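Each chain, letter by letter, is given below.
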Amino acid sequence: MGGAQGWVSCFLFLMKNKFADLLPGRVSTEPEDLVCYGFDASGLEAAPSAVAWPHSLEDVVEIMNFARSNRIPVIPRGAGTGMTGGSVPDRSSVVVSMERMNRVLGIDRDNMTVLVEPGVINGHLQRELERFRLFYPPDPASMNFCTIGGNVAENAGGPRALKYGVTRDYVLGLEAVLPDGSVIKTGVKTAKGVVGYDLTRLLTGSEGTLAVITKILLRVLPMPEEVITLMALFKDLEQSGNAVTAILAYGIIPRTLEFMDGEAVRAVENFSPVGLPTDVEAILLIELDGDPVVIRKEAERISSICSHHQGEIIMAEDEEARQKIWEARRAISPALYHLKPAKINEDIVVPRTKIPSMLKKLRELSEESGIMIVCFGHAGDGNIHVNIMADKENKPEYEKALGLVKEVFRMTLDLGGTISGEHGVGLTKKDYIGMEISPVEMDLMKKIKNVFDPLNILNPGKIFP
Ligand code: 2HG
Ligand code: ZN
C-alpha cells in the first residue's frame, strides 16, 4: 500500500473506531450521513470523514480534545444554510453538527435577555419570545431553518437590520470551546460591560474558525406595537433606488426597505406565485413598526415620496397579505435557480446613496457581457444581492460569469463599499478579500487565528486566501 493510501486507510480506521467510540450514538461514519453534512447553500460540497452530534458542552470538549490529539480538522455546522461554504468540510475533517443542542435555556423577561443553545432555529426562538411579547430582530431569509449558532458564527443580518442592526448587536455573551479543548465565557449578562477586550464581538462573525460556540446570551426587545407593510411598484429601476435614498434622507427609518428587480419578481411569480405584479422593473418592500399614529404618518409620507419617483404604493391589508409578501421575498433565492442552474450570489454593500449608480453599473455589466444578473436585497442598508446567473454545463458562459465577480467587487469598492454585508467570506470569497483588506490587517487577523488555533484544526482553509 502506497504512503498516501496507507495514511488514508489508517485515518478512516481511526474515525470508524476510536472517534465513533468516543460518543456512542452521537457519531456516524456512514456514507449516507456524510453526504447529508457535506454541503451548504453555496453549492459547494465534499463529504467529511465523520459527523458528530454533540448533546452538551462536555461532548464538544471531548470532540475537540480528540481532534487536537489526532490533528483532525473540525468543521462546526448549524443548519448548513450559509452561502459561502463556511461549513463545507473536506475528506479529512469531522463535521460537528450543533443541531441537537437546541434548547431555549431561559427567557428573562425583566432583564430582556434569552439564553439559548446554538442549535435553536431562529424562527422558533422568534415564536417563543412572542409569547412573552418580546422581539428578536435579526431575521435572515432562512430564518425558518437556520440556527442561532450559525447566525452568530456568520454575524447574520436580514431585512430588519436597517432599523435594528445585525446579530452582533444582540449577542451579550458566549460560552465556547477553544481548539485546545478549554472552555471560555465571554461578555456580560448586563446591559453594559467594558472589562477587557471584546471577545464576544470577535467570535461573532468569525465563521467557526476560532471556537465552537455552545451557549449564547442574547439581548431582546419589547415587541413593537404595530406593523405596517407597504409595497412600492416601479417601472424604472433607478427611480426605485432614488426613492430609497429619498425615504431615508427624509429621516424615516423603516424596519425593512427591501428591493427586488423585475427579474427577481418574475422568477418568484413563476416559481411560487403570490400575485406580485410582473410588469414592473422593481419592487420595494417597506415595513414600518412602532407607535400606530407615528407609523401611519410615516406610511403617508413614504407614499408621497414614492409617487414623486413614479412608484405606486400598495398596502398589505391584513396579516395574511403580509405573510404572503414575505413568503415571496424569502422565495427569491430558491426561485432564481429556475432561471439558470448556477447562481453566483454576491452580497455587496455600497453607501446607500450609491445604490442607483451601482444598479446602473450592474445593468451595463450584464448588457455588455450578455450574462444575466439579477439583483435584490436590503436596499436600505445598501446591501445588494447580486446574482450572476449561468449554466455550469455551458463552460464558456460559466467562466465568463465567474470572471464578472471581480469586476462587481471592483465597482463596489470604488464606490466605497464592502464585498460582503452578511454572508461572510468562507470559501467562495477568500480569494478576493485582499481587494478590501490590506496586508497589514490580514496579517493581524491571521495572527489572531493562530493565537486561538495554533494547530489550525478549527475550520481550516476558510476566510484567508
Ligand atoms: C436573502 O436576503 C439572503 O434572501 C440570500 O441573504 C441572498 O440568495 C441570495 O443571494
Ligand atoms: Zn440577505
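Attention in this report is confined to the structure presented alongside it. As the structure is a prediction and not an experimental result, all values here were calculated from the model. Once a new chain begins, its residue numbering starts again from 1 and follows that chain's sequence as written. Ligands are numbered from 1 and chains lettered from A, in the order in which they are written. Selection of residues for local features in this predicted model requires a pLDDT of at least 70, selection of side-chain atom pairs for listing and counting requires 80 or more, and totals for whole chains, interfaces and linings are taken over all residues. Hydrogens and waters are ignored; side-chain quantities use all the structure's heavy atoms.

## Side note on the overall build of the chain
Point 1. The helix and strand tally for the chain stands at 15 helices and 18 strands.
Point 2. We take the radius of gyration over the C-alpha atoms and set the globule estimate at 2.2 Å times the residue count to the 0.38 power. Taking 23 Å as the expected radius of gyration for a compact globule of 465 residues, we find that the chain reaches 23 Å, a close match to that expectation.
Point 3. Seen along its three principal axes, the alpha-carbon backbone of the chain occupies a region of about 70 × 60 × 45 Å.
Point 4. Every one of the 465 residues in the chain was classed for burial, and the buried ones make up 54%. Secondary structure is summarised from DSSP: a helix means a run of H or I of at least four residues, a strand means a run of E of at least two, and numbering begins at the N terminus for each. For each residue, the accessible area found with a 1.4 Å probe, counting protein chains only, is set against the maximum for its type, and the residue is called buried under 20%, exposed over 50%, and partly exposed in between.

## Notes on the coordination of the zinc ion (ligand 2)
Point 1. Each metal's donors comprise the N, O and S atoms found within 2.8 Å of it (within 3.2 Å for Na, K or Ca). Water is not part of the atom list, so some coordination spheres may appear incomplete. Bound to the zinc ion (ligand 2) on the protein side are His378 (NE2), His385 (NE2) and Glu422 (OE), at distances that span 1.8 to 2.2 Å.
Point 2. One chain supplies every donor for the zinc ion (ligand 2), spaced along it as H-x6-H-x36-E.
Point 3. Given the relative accessible area of 5%, His385 is considered buried.

## Quick look at the pattern of salt bridges
Point 1. By definition here, a salt bridge exists when the distance from a side-chain nitrogen of Lys or Arg to a carboxyl oxygen of Asp or Glu is within 4 Å. All chains considered together, the criterion is met by 21 salt bridges.
Point 2. Where Arg131 meets Glu128, a salt bridge forms, and the shortest distance between an N and an O atom there is 3.2 Å.
Point 3. Given a relative accessible area of 21%, Glu128 falls into the partly exposed group.
Point 4. Members of the salt-bridge network, linked through shared partners, are Lys163, Arg255, Glu287, Asp289, Glu319 and Arg322.

## Here we look at the sheet that holds strand β4 (residues 94-97)
Point 1. Following DSSP output, two strands are said to pair if at least two bridges run between them. What the four strands build is an open sheet, ordered β1-β2-β4-β3; its pairing is mixed. Edge positions in the sheet fall to β1 (27-28) and β3 (74-77), since each of these pairs with one other strand and no more.

## A few points about the sheet that holds strand β5 (residues 104-108)
Across a sheet, strands are paired by hydrogen bonds formed along the backbone, either parallel or antiparallel in direction.
Point 1. Pairing is antiparallel in the open sheet, where five strands are placed in the order β5-β6-β10-β8-β9. Each edge of the open sheet is held by one strand with a lone partner, namely β5 and β9 (183-187). The sheet shows a mean angle of 10° between the axes of neighbouring strands, direction not considered.
Point 2. Across four bridges, strand β6 (residues 113-116) lies against strand β10 (residues 212-219) in antiparallel orientation. Bridge pairing in β10 links Val116 to Ile216.
Point 3. In the packing of helix α3 (residues 57-70) onto the sheet, contacts are made with β8 (171-177), β9 and β10, and the angle to β8 comes to roughly 50°. Axis lines are fitted to C-alpha atoms, over the contacting stretch for helices. Their N-to-C directions set the angle, which ranges from 0 to 180 degrees. Whether two residues touch is decided by their heavy atoms; if any such pair falls within 4.5 Å, the residues are in contact.

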